[in-house]
Structure formats: C-alpha cells, structure tokens
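Spelled out, the chains give:
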Amino acid sequence: MKALRSLSGLIDFECAARWGSFKLAAHELHKTPAAVSLQVKQLEETIGFALFVRHPRHIALTEKGQELAIATARMLGELRAKVTALQSGDEEAVLRIATTHSFAIKWLVPRMHRFTKLYPELDIRLDSNDAPVDLQADSTDVAIRYGPVTDGDPTVLFRERLVPAYSPELLAPGQAALTLADLTEHRLLIVHSPEAWLQLLNENRALKGEYDFSRAYSHWGVLVQAAVAGQGVALVPYGIAFQDIASGALRLIPCRSVPFANGYRFLANPHKEHMLKVRRFREWMVAEMAAMSAHLDYR
C-alpha cells in the first residue's frame, strides 16, 4: 500500500462519483474520459481498494467508494469555499450559522431581521440540520445546538422550560381559558413519549384522570405547529413556542413547571471565535435570549 501523495486523483474521483460517469466528469474537468479513468485507477492502486465497479455502460461506487466520496466532497467543498473567501476578501463579511430545524424555523429566522438591521453588511448563510456539525470545518462559523446543559457552562444561552399550550380555537363558546382540569377533554400532544406530560401532571397533583396521548411528533417545531393548528394541548418548549405565545396564537395553562435538562448552547469555530462577526452575533443572541427569558414565569 502506497502513501497518498497527490490530490489530483481525488479531484477526478470526486467528480466521477458525483456524475456517476467518467465521460461526464471528463467534460467538467476538460479532460478525456480515458485520462479520468486512469487517474481513478492510479488512486485505487495507491489506496489499495476499488472505488468503482465498472460495468460496460456505467460505473457504480463500491461501499468504500461511497464513504470516500462523501469525505472527499466535504473536503473539496470546504477548500473551494475557503479559496473563494480569500479571493474575494469576504471572510469577515459572511456569517455561517448551523442550528437545528426547529430552532431555525421557530426562533432564529423570525428574529434575524433584527440582527441584519444592525449589521446589514453581513451575508448570512443559515444551515438548519439536526445532524452534528464539525466546528473545525471552514464551512461553519457558529453553531446553536440543542441538548443537555449544565449550570455554569459559559456556552449556555438558555435552559428550556416545557409549558402546556393550546390554541384559542379549543375554547368552547363562553369559555375564557383552559385549566389543568380541562385536559381530559382534549388530546395531549407529545414528542416521542408522554413522560414529560406525566411529570407535569404529577407535579401539579393532577395524575388522576383519563388522558389521551394519541398524537406524537418527531420535532418540537412540528409539535408547536400542531398546537397552533388546534390539534390538541401540547407541552411545548417555551423558546420554540415563544413567538406564537407572544402573538396570541398559543395560550398557556397556568401551572407548576417541571425540571428540564435541555437547552441551547452557542458554539464557535475555534479558528473564528475571535472574529468580530462571531462576537457580534454572540452578543446579539445573548441579548435576545435575555429579553425572551424576562417574559417566562419560572414557577
């Protein structure tokens, strides 16, 4: 097995893997199909395993070829992005933010106009993805991630609270508000399991009763939208539901809340955390989270 000493074979391989064709890859690279095929063959000889299964009319990635294609595409994408940024001198002018789907849709996007009004020179690139991100990658400047948080962690922006919320559409004629006693008359919406609901009912001495936990959702953002649509009463994260609560699209049932270990953390690419754009975004996030927290009843 030889050491990998050249990236040229990887460039040809990534292009061929993307197109699924030596001919189409050759067209993009301004080479002949034979030249691309030879580069890939030499790469296979160097690394010691096959990347493609060659059929008479097409090529197909092997299992190892698929893994290498993913890694190579990511590496070349980051390299191209870095070269483009250096060529245009816009590294400080582009802010790349990675966060979860629910947080992006229900919290960050509705507020971003306030940040861009303060810093109109920044080009915002938002990647909403629940998969873990590589903070060492050049394609990410900051990440807002949801998960377990601990007291004293300087990266913590906000510790979530679960609150029971409902659409005014659920109110019967002449009914002013829902209480915990009304929950047996409505579906109780959940994410994955009713465990959090059971904890809240126990905390408020309301476990007795027949409760309908018949609808479950995969994401907090979807759960909140289901509650807004009047599909039932939901135990929602306050941060994700805040805009709907503030607008009146959702109302809260007054009660004691239960401990919740999850929240949001602000994570910066260690190579970029000193940059002005990152510091400004962090300061803005802290201020926005503080303003939201001021409205929360921490009973």
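About the criteria used
- Residues numbered from 1 in each chain as written.
- Predicted model: local features only at pLDDT ≥ 70, side-chain atom pairs only at ≥ 80, totals over all residues.
- Heavy atoms only, no water.
- Helix = DSSP H or I, 4+ residues; strand = E, 2+ residues; numbered from the N terminus.
- Salt bridge = Lys/Arg side-chain N within 4 Å of Asp/Glu carboxyl O.
- Buried < 20%, exposed > 50% of the residue type's maximum accessible area, 1.4 Å probe, protein only.
- Phe/Tyr/Trp six-rings, centres within 6.5 Å; stacked < 30°, edge-to-face > 60°.
- Patch = residues over 30% accessible without salt bridge, like charges linked within 9 Å, V, L, I, M, F, W, Y side chains within 5 Å.
- Areas by Shrake-Rupley, 256 points an atom, 1.4 Å probe, with all protein chains shown as cover.
- Domains from an automatic or database assignment.
- Contact = heavy atoms within 4.5 Å.
- Buried area = accessible area lost by both parts, 1.4 Å probe.
- Pairing = 2+ DSSP bridges.
- Axes fitted to C-alpha atoms, helices over the stretch in contact; angles between N-to-C directions.
- UniProt positions renumbered as here; feature names shortened; annotations may be inferred.

Engineer: So what exactly am I meant to see when it comes to unusual backbone geometry here?
Structural biologist: Most peptide bonds take the trans configuration, and most residues that are not glycine carry a negative phi. In this structure, histidine 30 takes a positive phi of about 60 degrees despite not being glycine. Note on placement: histidine 30 falls in the loop between helix H2 (22-29) and helix H3 (33-47). Positive phi is not limited to glycine here, since arginine 205 has a value of about 55 degrees. On the secondary structure map, arginine 205 appears in the loop between helix H7 (195-203) and strand S9 (212-217).

Engineer: Explain the pattern of salt bridges here, please?
Structural biologist: The final tally for this structure, using the stated rule, is 15 salt bridges. Between lysine 272 and aspartate 141 there is a salt bridge, with the nearest N and O atoms lying 2.7 Å from each other. In this pair, lysine 272 sits in the loop between strand S12 (262-268) and helix H10 (276-293) while aspartate 141 sits in the loop between strand S4 (123-128) and strand S5 (142-148), placing the two residues 131 residues apart along the sequence. Like aspartate 141, lysine 272 is buried.

Engineer: In this structure, what is going on with the packing of aromatic side chains? I would like to understand it.
Structural biologist: When we look at a pair of aromatic rings, we describe it by the centre distance and by the angle of the planes. Counted under the stated rule, the structure contains 13 aromatic pairs. Aromatic ring contacts, followed pair by pair, group Phe115, Tyr119, Phe266, Phe281 and Trp284 into a single cluster.

Engineer: It is not clear to me how a nonpolar patch on the surface should be interpreted in this structure. Could you clarify?
Structural biologist: On the surface, Leu7, Ile11 and Met75 cluster together into a nonpolar patch covering about 240 Å² of accessible area. Among the structural elements, isoleucine 11 can be located in helix H1 (residues 8-19). Assessed through its relative accessible area of 33%, isoleucine 11 is described here as partly exposed.

Engineer: How do you make sense of the domain arrangement of the protein chain when you look at a structure like this?
Structural biologist: How big an interface is tends to be stated in terms of the accessible area lost upon association of its parts. If you check the domain split of the protein chain, you get domain 1 (7-88), domain 2 (94-158 + 262-298) and domain 3 (162-252). For domain 2 and domain 3, the distance between their C-alpha centres works out to 27 Å. The interface is formed by 13 residues belonging to domain 2 together with 11 residues belonging to domain 3. At the boundary of domain 2 with domain 3, total buried surface from both sides reaches about 1100 Å², with 61% on carbon and sulfur atoms. Run the count over domain 2 and domain 3 and you get 1 salt bridge. Of the charged contacts, one joins lysine 106 and aspartate 244 as a salt bridge, the two residues approaching to 2.6 Å between their closest N and O atoms.

Engineer: It is not clear to me how the sheet that holds strand S7 (residues 162-166) should be interpreted in this structure. Could you clarify?
Structural biologist: Pairing between the strands of a sheet comes from backbone hydrogen bonds, and it takes one of two forms, parallel or antiparallel. Spatially, the 5 strands line up as an open sheet ordered S9-S8-S10-S7-S11, and their pairing is mixed. Edge positions in the sheet fall to S9 and strand S11 (251-252), since each of these pairs with one other strand and no more. Note that S7 and S11 share 2 bridges and pair antiparallel. Opposite alanine 165, over in S11, you have leucine 252 as the bridge partner. Strands S7, strand S8 (187-191), S9 and strand S10 (233-237) of the sheet are contacted by helix H8 (residues 220-228), whose axis makes an angle of about 140 degrees with S10.

Engineer: Sorry, what's going on with H8 here?
Structural biologist: A turn of α-helix holds 3.6 residues, and therefore any two residues three or four places apart point the same way. Within the sequence span of H8, burial applies to Trp220, Gly221, Leu223, Val224, Ala226 and Ala227. Taken from the residues just after H8, glycine 230 is the one with a positive phi, measuring 80 degrees.

Engineer: Before we go on, may I ask you to explain the UniProt feature "domain: HTH lysR-type" (unreviewed entry) in the protein chain in this structure?
Structural biologist: UniProt tags residues 5-62 as "domain: HTH lysR-type" (unreviewed entry). Secondary structure over residues 5-62 splits into 60% helix and 10% strand, and the C-alpha atoms at its two ends are 22 Å apart.

Engineer: How should I be thinking about the pairing of S7 in this particular structure?
Structural biologist: Working note: regular strand, side chains alternate between the two faces of the sheet. Counted residue by residue, S7 has 5 buried out of 5 residues, so it is predominantly covered. Here S7 shows no split at all, with Leu162, Pro164 and Tyr166 on one side and Val163 and Ala165 on the other all buried. Direction of pairing for S7 relative to S10: antiparallel, over a ladder of 4 bridges. Bridge pairing links proline 164 to leucine 235 in S10.

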